[in-house]
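Take a look at the letters that make up each chain.
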Amino acid sequence: MTTHSVGIANLPNQRYKIVSEKGGTFTIMVCGESGLGKTTFINTLFQTTLKHVDPLQRRHLPLKKTVDIDLTRAILEEKNFKMRVNVIDTPGFGDNVNNNKAWQTLVDFIDDQHDSFMRQEQQPYRDTKFDLRVHVVLYFIKPTGHGLKPLDIETMKKISSRANLIPVIAKSDTLTMQELQIFKSRIRQVIEAQEIHIFTPPLDFDTTKDSTTEDENAMSTQDATAAEHARQLIEAMPFAIIGSTTKYDNGQGTQVVARKYPWGLVEVENDNHCDFRKLRSMLLRTYLLDLITTTQDLHYETYRRLRLESSNGTDDETNNGNGDSSMPLKAPARKLSHNPKYKEEENALKKYFTDQVKAEEQRFRQWEQNIVNERIRLNGDLEDIQTKVKKLEEQVRSLQLKKR
Ligand SMILES: Nc1nc2c(ncn2[C@@H]2O[C@H](COP(=O)(O)OP(=O)(O)O)[C@@H](O)[C@H]2O)c(=O)[nH]1
Ligand SMILES: [Mg+2]
């Protein structure tokens, strides 16, 4: 069974329309310990899929150690479908001796984007938004073959309460196929036992909401294909990935992105070697819309509700009261304002509003001037008319005098 028929461009019309209208941007965040191949993965994704990378947006050279939250923008093009894709690279945690709150920066970033979007929604000019809300977080797991560390579990829990989380096994070429299978099932067990909510493709397909005009049989075949695709993806989770930006000859004259070993190549875009294609398909094709809508309807709405509740006077009580400290109950302090990337967005936003106000002011001045001009013109007309009237009156008078 091919998976080619399940791309964005093949979505039923109505869903496609929603994507085009609402889904202008899509933001992916990568996180995990340093040295797990996060930056390499981003470069791999760009090289194999995303085009038109804005060179100004690429500040860090590939493989330079990420020390700050780093943003790269690109355009995803598929048939006549276009979307802006943001990828956020984060500094790896695990560098510090004390990793107690390694997840704090990530969680702050996600909260801040929700906060910023919420503020913009409250502004009178609501059409252009700087939207960096994170639609999906890829959590890189170290390929130890053993299991998850307490820090992994804690971080994944924190993230999953705010954003769609997809765990991935980093550098999976360092494990044998058998080790990988055991590692995968161990991770799945921990995720289940710890009740970490990871993003999974929806398995129930609602035929009624997608299209009413399509033939029922065709619809159910399409649904069956989609459900089968979803099932395959879920079974492969957590995805084992490999990153590389180097191409090698695969022995049959084709250049493939791969990692080279003395015994042969490990190919990035080969389903028998790793799950890169599955992950990419889930991110950028089949479930892109679901990632966007769940971010809006679930994560953003939760954030908004909690923020509104906590700002409704009873602050002290509610914040300490219900004990779930993983939830963003308090207004996040603008901890990231020192981050140049964040500052940039904020400045752009400020400039936008200032420009809008200036433009409005300019428009008003022009209008005021037009009224003044019009008044001058009318006054002039009035004077003319008045002198004409006077002349006519004089003519009438002299005529009346002559008549006598
Ligand atoms: N074996 C293997 N090495 C990788 C893979 N991806 C990246 N690396 C290497 O791991 C090192 C750290 O990669 P980097 O992308 O900087 O990791 P980051 O700190 O998570 O951003 C580099 O030497 C990469 O060449 C992979 O999939 N497999
Ligand atoms: Mg990095």
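Given the structure is predicted, the values throughout are model-derived calculations rather than measurements.

1. Here we look at the packing of helix H3 (residues 104–121) against helix H9 (residues 288–310)
Right, so step 1: Their axes nearest at 10 Å, the elements H3 and H9 cross at an angle of 75°. With respect to H9, the axis of H3 lies roughly perpendicular. Two secondary-structure elements touch here, H3 through Asp111, His114, Phe117 and Met118 and H9 through Tyr300, Tyr303, Arg304 and Arg307.
Right, so step 2: Here the residues of the contact of H3 with H9 sort into four nonpolar, one polar and three charged.

2. Topic: the site of ligand 1
Right, so step 1: Every one of the 16 residues lining ligand 1 counts as a neighbour, but Gly37, Lys38, Thr39, Thr40 and Gly243 are closest to it.
Right, so step 2: No other element matches the three residues that helix H2 (residues 38–48) contributes to the shell around ligand 1.
Right, so step 3: Per-class residue counts for the shell around ligand 1 are three nonpolar, nine polar and four charged.

3. Considerations on the environment of Ser172
Right, so step 1: Mapping Ser172 onto the fold places it in the loop between strand E5 (165–169) and helix H5 (177–193).
Right, so step 2: As a C-alpha pair, Ser172 and His273 span 101 residues in sequence and 9.0 Å in three-dimensional space.
Right, so step 3: Ignoring anything within four residues of it in the chain, the contact list for Ser172 reads Pro143, Leu180, Ala240, Ile241, Ile242 and Cys274.

4. Examining the nonpolar core
Right, so step 1: Judged by nonpolar contacts, the single largest core of 58 residues is most densely connected at Val136, Val137, Leu138, Tyr139, Phe140, Val168 and Ile241.
Right, so step 2: The element contributing the most residues to this core is strand E4 (residues 136–141), with six residues.
Right, so step 3: Once residues lying within four places of it in the same chain are set aside, the contact partners of Val136 are Ile28, Asn164, Ile166, Phe199, Leu283 and Leu291.

5. Points about the pairing of strand E8 (residues 255–261)
Right, so step 1: Inspection of the sheet shows strand E7 (residues 247–249) paired to E8 by three bridges, in the antiparallel sense. Among the inter-strand pairings, Lys247 is bridged to a residue of E8, identified as Val257.
Right, so step 2: Linking E7 back to E8 in an antiparallel pair, the connection comprises five residues, with Gly251 at a positive phi of about 95°.
Right, so step 3: Looking at chain direction, E8 and strand E9 (residues 264–267) are connected through four bridges and run antiparallel. The residue of E9 that forms the bridge with Lys260 is Leu265.
Right, so step 4: Between E8 and E9, which pair antiparallel one after the other, the connecting turn spans two residues.

Cut-offs applied
Residues numbered from 1 in each chain as written. Chains lettered and ligands numbered in written order. Predicted model: local features only at pLDDT ≥ 70, side-chain atom pairs only at ≥ 80, totals over all residues. Axes fitted to C-alpha atoms, helices over the stretch in contact; angles between N-to-C directions. Helix = DSSP H or I, 4+ residues; strand = E, 2+ residues; numbered from the N terminus. Parallel < 35°, antiparallel > 145°, perpendicular 65-115°, else oblique. Contact = placed C-beta atoms within 7 Å. Nonpolar A, V, L, I, M, F, W, Y, C, P; charged D, E, K, R; others polar. Near = placed C-beta within 6 Å. Core = buried A, V, L, I, M, F, W, Y, C linked by C-beta atoms within 7 Å. Buried ≥ 20, exposed ≤ 12 C-beta atoms within 10 Å, placed from the backbone. Pairing = 2+ DSSP bridges.

Any link to function would need more than the numbers given here.
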